[in-house]
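# Understanding the architecture of this molecule
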Amino acid sequence: MTERQLQPLLHELVGVVLAPTSALGDAAGQIRPTGVQGVFHADARVLSRAELRVDDQEPESLARAAVGPHGVRFVALARWLGDPGADPTVRVERLRQVAPDGLSEEIHVVSTAAVPVRAVVSVDLACDLAPIEVVKTGGATEPLEAKAGEPGTLVWAGSGITVTVTGEGATAEATGERAAAPRLSWPIELPPRGRLVLRWRLTVDDPRAVVVCPPGEPEWSRPRLRADDRRLVRLLDRSLDDLRGLRLAEAGAPEDVFLGAGVPWFLTLFGRDSLWAARMMLPLGTDLAGGTLRVLARRQGTRIDPATGEAPGKILHELRRHEFAPGDGLHLPPAYYGTVDATMLWVNLLHDAWCWGLPAAQVEPLLPYLEAALHWLGEHADADGDGLVEYIDTTGRGLANQGWKDSGDAVRFRDGTLAAPPIVLAEVQGYAHEAAVKGARLLDAFGRPGGDRWREHAAGLARRFRAAFWVDGPYGPAPALALDRDKRPVDSLTSNIGHLLGTGLLNAEEEAQVARLLGTDALAGAFGLRTMSTDDAGFSPLSYHCGSVWAHDTAIVLGNLARAGFRDTALTLADGLLGAAEAFDYRLPELYGGDDRSLLGRPVPYPAACRPQAWAAAGAVLLLQAATGLYPDVPAGTVRLAPLAGAQLGAVATERLTVAGTPVDVTVDGAGQPTISGLPAGLTVTVDAAPTVPAQRPAPADRPLHA
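Residues numbered from 1 in each chain as written. Predicted model: local features only at pLDDT ≥ 70, side-chain atom pairs only at ≥ 80, totals over all residues. Heavy atoms only, no water.

## Here's the deal with the pairing of strand β10 (residues 117-126)
The side chains of a regular strand alternate between the sheet's two faces. Within β10, eight of the ten residues are buried, leaving the element largely enclosed by the surrounding structure. Relative to β10, strand β5 (residues 49-54) runs antiparallel, the two being bridged by six bridges. Across the sheet, residue Glu-51 finds its bridge partner in β10, namely Asp-124. As paired strands, β10 and strand β15 (residues 183-190) are joined by eight bridges and run antiparallel to one another. Residue pairing for β15: Asp-124 is matched across the bridge by Arg-183. (Buried < 20%, exposed > 50% of the residue type's maximum accessible area, 1.4 Å probe, protein only. Helix = DSSP H or I, 4+ residues; strand = E, 2+ residues; numbered from the N terminus. Pairing = 2+ DSSP bridges.)

As structure tokens, then:
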């Protein structure tokens, strides 16, 4: 039997991050030379081993807990030391903190023994400088030889990166057999009831990294939240800590901040991920949106290049220092444009940031890039001229699927067969309609031509979508997932349809039917929204895109439902997301299993999911926005309040949301009545007393209407 090369599992590892540095180790605090464990800087593993021993024995692990946004403390026992008897008297605490250029550890040895304690504490190290794609595919690596420098210092170098480890007061062994597995060691002696602290530090010099840590503190506000459902408070606190650690900037432009996609595979600029995360973060301020828009505008496509997917006006998919080639024939160039949706999402973020108060002085310089993005939508996004947006990888080396569900098997018919490209995704047509309408509004507002053209474009797109996408499904009419190369509707029922809500592509009756479909147990019966319904042959609860639950997907759809007034389904998804947050210690992973809630009473981890991940963490802010129901339109002078909070979700009170740069407080009582204070002058508040869309029909029973 041929041995498979498998992607390493992540779900039991403990991660800490301050981008571009991250560290992953086991639950005991050890960083072992296996799988994806290690310290990473940008897209290289700069330390592949850091194993702590006392007298050449591993301490026995007891507990761990986060220490601030970028640290973790591990508690263990050295039961062979100290007083005899059942109670342990010597414990070893390991405090790990990451920094933008490396990592530091403190090793606390604490004795409550009545006798002196003597031992040797050591840390065994290794460095392989493996590229992230080699680690991701489970590829074999060999440790590099270290050189001993000044006392207590070890140095590795290669691929333009220099890694230095220094142990205060330690002896560094790096000769002979220890060259590839060097050791720091400290002989220790504690008096009765004594304690001491040992320290070592890793620093990285990586001048070729394309991303860096931006200076200063996060630009967004940190709300003070009180809620009847304490899960929401805990989720928001942990998520904001994680988002603080995921902040990045391009080398050479540290002033424009964006969010790296996730640890460990995607800690860099990703057009779609960074745009969605910034959009979700708008209730906390527009600075992140502004930085993200400018970074991507600078790299907007200017020419046709099939090898990279670049086209004039197109927005980047991802950025790395070198080709990303994780296997299966995938070879992505350092700057890769293989995304069908990022360009429209860029337009939509610009508009929404303007509505939240992004100043005109920041909007106006971006208008040429807006016009270029709309030009791409009109001239390059529709290769066959049928008026719909499609994609195909013509190289055989890029992403076969180029929507957010970008795995090779993501687009399946109801019977499980794969759709053949070119692919016309449903939600992409929604993004395109939204971008045309919102782009037209921006052009009008800033006195630039073209608004009427794009409104006509949107109207035509809605007509074509209505004619081509609606199919008869087990729960009645439903938008197809996509059209295949023969323009056949890909008739599986998926979460993609939830992204259509609020884009303007659907009329009120169609939105009500989509909300009804989203509320079926087949889609909403897990801890959130399944990516594919349980009725489809392609469904698998641990499929990456055909049955799992993605935190950001659930948050986006519940936000759309709440904004449109479909409270029941929005509340169902919110409860599922909060239940998942509780199970994952309030650090939501990229995705998790789509099993029914009754299976284990908690979600099953997806073992290779990134954690933390930007748009999963930012989903907490979107959930808070839905709870408060705060929807400003600063250019129009209006603020709408339509809270999801109330009798079912409970009361919420939050301070320091941000509208037009001004701190705003919103309170929603147990009956769902909102109050707001602190708004800038000139804004008129309207409060939704009841849904302003057709009433949502009850969700159907847990069976199709027909076989």
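Still more to cover.
## Observations regarding the sheet that holds strand β1 (residues 14-18)
Read from one edge of the open sheet, four strands run β1-β2-β3-β4, paired in antiparallel fashion. The open sheet is flanked by β1 and β4 (44-47), the only strands paired with a single partner. Sheet twist, expressed as the mean angle between neighbouring strand axes with direction ignored, is 25°. Note that β1 and strand β2 (residues 21-25) share five bridges and pair antiparallel. Within β2, the residue paired with Gly-15 across the bridge is Leu-24. (Axes fitted to C-alpha atoms, helices over the stretch in contact; angles between N-to-C directions.)

## Quick notes on the pairing of β5
Judged by how many residues are buried, β5 sits mostly within the fold: six of six residues are covered. Here β5 shows no split at all, with Arg-49, Glu-51 and Arg-53 on one side and Ala-50, Leu-52 and Val-54 on the other all buried.

## Considering the environment of Asp-669
Here Asp-669 shows up in the loop between β35 (662-668) and β36 (674-677). Under the relative-accessibility criterion, Asp-669 is labelled partly exposed at 34%. Separated by 591 residues in sequence, Asp-669 and Ala-78 place their C-alpha atoms 52 Å apart. The residues contacting Asp-669, other than those within four sequence positions of it, are Gly-646 and Ala-651. Side-chain polar atoms of Asp-669 contact the backbone nitrogen of Gln-673, separated by 2.9 Å. (Contact = heavy atoms within 4.5 Å. Polar contact = N/O pair within 3.5 Å; in protein donor to acceptor, adjacent residues only side chain to side chain.)

## Here we look at the layout of surface pockets
Roughly 1200 Å³ of volume is contained in the largest pocket. Residue lining of the largest pocket: 43 residues in total, with Gln-7, Lys-136, Leu-330, Ser-407 and Tyr-544 positioned closest to the centre. Elements that contribute at least two residues to the lining of the largest pocket include exactly α3 (271-280), β22 (324-327) and β23 (330-332). When residues in the lining of the largest pocket are grouped by element, the largest group, three residues, is from β22. A class-by-class count of the residues in the lining of the largest pocket yields 19 nonpolar, 14 polar and ten charged. Quantified by volume, the second largest pocket comes out at close to 910 Å³. Taken together, 33 residues form the lining of the second largest pocket, with Glu-434, Lys-438, Gly-502, Asn-560 and Arg-563 sitting closest to its centre. (1 Å grid on protein atoms, 1.4 Å probe; cavity = no way out; pocket = protein on both sides within 12 Å on 5 of 7 lines; lining within 4 Å. Points joined across faces, edges and corners; volume = space filled by probe spheres on them. Nonpolar A, V, L, I, M, F, W, Y, C, P; charged D, E, K, R; others polar.)

## Focus on the environment of Gly-160
With respect to the secondary-structure elements, Gly-160 resides in the loop between β12 (153-158) and β13 (161-167). Of the residues examined, Gly-160 reaches a relative accessible area of 33% and is grouped as partly exposed. When the C-alpha positions of Gly-160 and Ala-616 are compared, they lie 33 Å apart, and in sequence the two are 456 residues distant. Among residues more than four places away in sequence, those in contact with Gly-160 are Asp-205, Pro-207 and Arg-208.

## Considering the packing of aromatic side chains
Throughout the structure, instances matching the rule amount to nine aromatic pairs. On the numbers, 5.1 Å between centres and 70° between planes, the contact of Trp-404 with Trp-550 is edge-to-face. Here Trp-404 is found in the loop between α7 (367-379) and β25 (424-425), whereas its partner Trp-550 is found in strand β30 (residues 549-550), with 146 residues between them in sequence. In this pair, the class of Trp-404 matches that of Trp-550, namely buried. Ring centres of Phe-465 and Phe-469 lie 4.3 Å apart, and the angle between their planes is 15°; on these two criteria the pair is classed as stacked. Taken together, the positions of Phe-465 and Phe-469, both in helix α9 (residues 451-469) and four residues apart, correspond to about one turn of that helix. The two residues Phe-465 and Phe-469 agree in class, both being buried. Grouping aromatic residues by their ring pairs yields a cluster made of Trp-404, Tyr-544, Trp-550, Tyr-606 and Trp-615. Across from the ring centre of Trp-265, 5.6 Å away, lies the NZ or CZ of Lys-136, which sits over that ring. Above the plane of the ring of Phe-324 lies Arg-320, whose end atom (NZ or CZ) is 4.0 Å from the centre. (Phe/Tyr/Trp six-rings, centres within 6.5 Å; stacked < 30°, edge-to-face > 60°. Lys NZ or Arg CZ within 6 Å of the ring centre and 35° of its normal.)

## With respect to empty space enclosed by the protein
In this approach, a probe sized like a water molecule rolls over the atoms, and the result shows the empty space that is left. As enumerated under the stated definition, the model contains four cavities of 30 Å³ or more in all. If you add up the space inside the largest cavity, you get close to 90 Å³. Around the largest cavity, the lining comprises 13 residues; the ones closest to its centre are Ala-28, Leu-52, Pro-59, Ala-76 and Arg-94. Within the residue set of the lining of the largest cavity, elements represented by two or more residues are β6 (60-66), β7 (71-77) and β8 (90-99). The residue makeup of the lining of the largest cavity, split by class, is seven nonpolar, two polar and four charged. Its volume calculated, the second largest cavity comes out at about 70 Å³. Taken together, Ala-42, Asp-43, Ile-132, Ala-209, Val-210, Val-211, Pro-264, Trp-265, Leu-267, Thr-268, Arg-320 and Arg-321 form the lining of the second largest cavity. Looking at the lining of the second largest cavity residue by residue, the class counts come to eight nonpolar, one polar and three charged.

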